[in-house]
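What follows is the residue order along each chain.
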Amino acid sequence: AQSVTQLDSHVSVSEGTPVLLRCNYSSSYSPSLFWYVQHPNKGLQLLLKYTSAATLVKGINGFEAEFKKSETSFHLTKPSAHMSDAAEYFCVVSERGGSYIPTFGRGTSLIVHP
Amino acid sequence: DARVTQTPRHKVTEMGQEVTMRCQPILGHNTVFWYRQTMMQGLELLAYFRNRAPLDDSGMPKDRFSAEMPDATLATLKIQPSEPRDSAVYFCASGEPDIESTGELFFGEGSRLTVL
């Protein structure tokens, strides 16, 4: 069985400061992990993904995430927030060799203040 | 620019009316998912198809919802009769044939349904 927990429902940062969105997962198989971003009134867009290659994954718009198996975490970071980063972010897990049906977290709303 | 296309983008209807939402997956994708998004429940998986065959629709209220894939280029989600609690954004997503190893989904922009 697989599950994912996004530890914060809302994160508020000032423009130009670092962003940290936290995600923990559980999986009975080798996991694939994803971060999707959803801007208001839009569909979800893939930000980055981990599928067993390098544990530090770089995505679009300066975001990156690190797969830490010992901590079962896949936190999303960005060195400097931009106003356009304000959106809903979803952490997602699927199992290679198990149920490939992705399981979504509840989402974290990122608020960026000027 | 390949993308998943959903219609209608917005639908307002009255309780008791039939609603049909349509989805055109990306050409070559053989897995299609239907999700419902609400503030209270977040993203819920309603149904998914592989090679047009329904594999799991356990998340879908059977008495009023139905999902089909008449052909590889069209997926439909129908609600009959609709109720106010069905108000939500319905997303369609498609996946490539190697989704077992990639797990990646490609989402449409959603159909926002309001049932009065």
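Keep in mind that what you see is a predicted model, and the values were worked out from it rather than measured.

### Describing the nonpolar core
Item 1. Judged by nonpolar contacts, the single largest core of 26 residues is most densely connected at Trp35(A), Leu48(A), Leu76(A) and Tyr89(A).
Item 2. Non-local contacts of Tyr89(A), meaning those with residues more than four positions away in its chain, are made with Gln6(A), Leu21(A), Trp35(A), Tyr36(A), Val37(A), Leu47(A), Phe63(A), Leu76(A), Gly107(A), Thr108(A) and Leu110(A).

### Here's the deal with the state of the cysteines
Item 1. Throughout the structure, instances matching the rule amount to 2 disulfides over all chains.
Item 2. Each sulfur of the disulfide joining Cys23(A) and Cys91(A) lies 2.0 Å from the other. Torsion about the S-S bond of the Cys23(A) and Cys91(A) cystine: about -70 degrees, corresponding to left-handed handedness. Linking Cys23(A) in strand S4 (residues 23-26) with Cys91(A) in strand S10 (residues 87-96), this pair joins segments that are 68 residues apart in sequence.
Item 3. For Cys91(A), a relative accessible area of 0% gives the class buried.
Item 4. Disulfide partner of Cys23(B): Cys92(B), at an S-S distance of 1.9 Å. Its torsion about the S-S bond being -60 degrees, the disulfide of Cys23(B) and Cys92(B) is classed as left-handed. Of this pair, Cys23(B) sits in strand S3 (residues 19-24) while Cys92(B) is found in strand S9 (residues 88-95), placing the two residues 69 residues apart along the sequence. Side by side, Cys23(B) and Cys92(B) carry an identical accessibility label, which is buried.

### Quick word on the packing of aromatic side chains
Item 1. The final tally for this structure, using the stated rule, is 14 aromatic pairs over all chains.
Item 2. Ring plane angle 80 degrees and centroid distance 5.8 Å describe the contact between Tyr36(A) and Phe107(B), whose orientation is recorded as edge-to-face. With Tyr36(A) in strand S5 (residues 30-38) and Phe107(B) in strand S10 (residues 106-107), this pair bridges two chains. Across the pair, Phe107(B) and Tyr36(A) agree in class, each one buried.
Item 3. Among the aromatic residues, those joined into a cluster by ring pairs are Phe34(A), Tyr36(A), Phe90(A), Phe104(A), Phe33(B), Tyr35(B), Tyr48(B), Phe91(B) and Phe107(B).

### Comments concerning the pairing of strand S1 (residues 3-6) of chain A
All names here are of chain A.
Item 1. Where burial is concerned, the two faces of S1 differ: the one with Val4 and Gln6 is buried and the one with Ser3 and Thr5 is not.
Item 2. Pairing geometry for S1 and S4, over 4 bridges, is antiparallel. In the sheet register, threonine 5 faces S4, and the bridge partner there is asparagine 24.

Calculation criteria
Residues numbered from 1 in each chain as written. Chains lettered and ligands numbered in written order. Predicted model: local features only at pLDDT ≥ 70, side-chain atom pairs only at ≥ 80, totals over all residues. Heavy atoms only, no water. Core = buried A, V, L, I, M, F, W, Y, C linked by side-chain atoms within 4.5 Å. Buried < 20%, exposed > 50% of the residue type's maximum accessible area, 1.4 Å probe, protein only. Contact = heavy atoms within 4.5 Å. Disulfide = S-S within 2.5 Å. Helix = DSSP H or I, 4+ residues; strand = E, 2+ residues; numbered from the N terminus. Phe/Tyr/Trp six-rings, centres within 6.5 Å; stacked < 30°, edge-to-face > 60°. Pairing = 2+ DSSP bridges.

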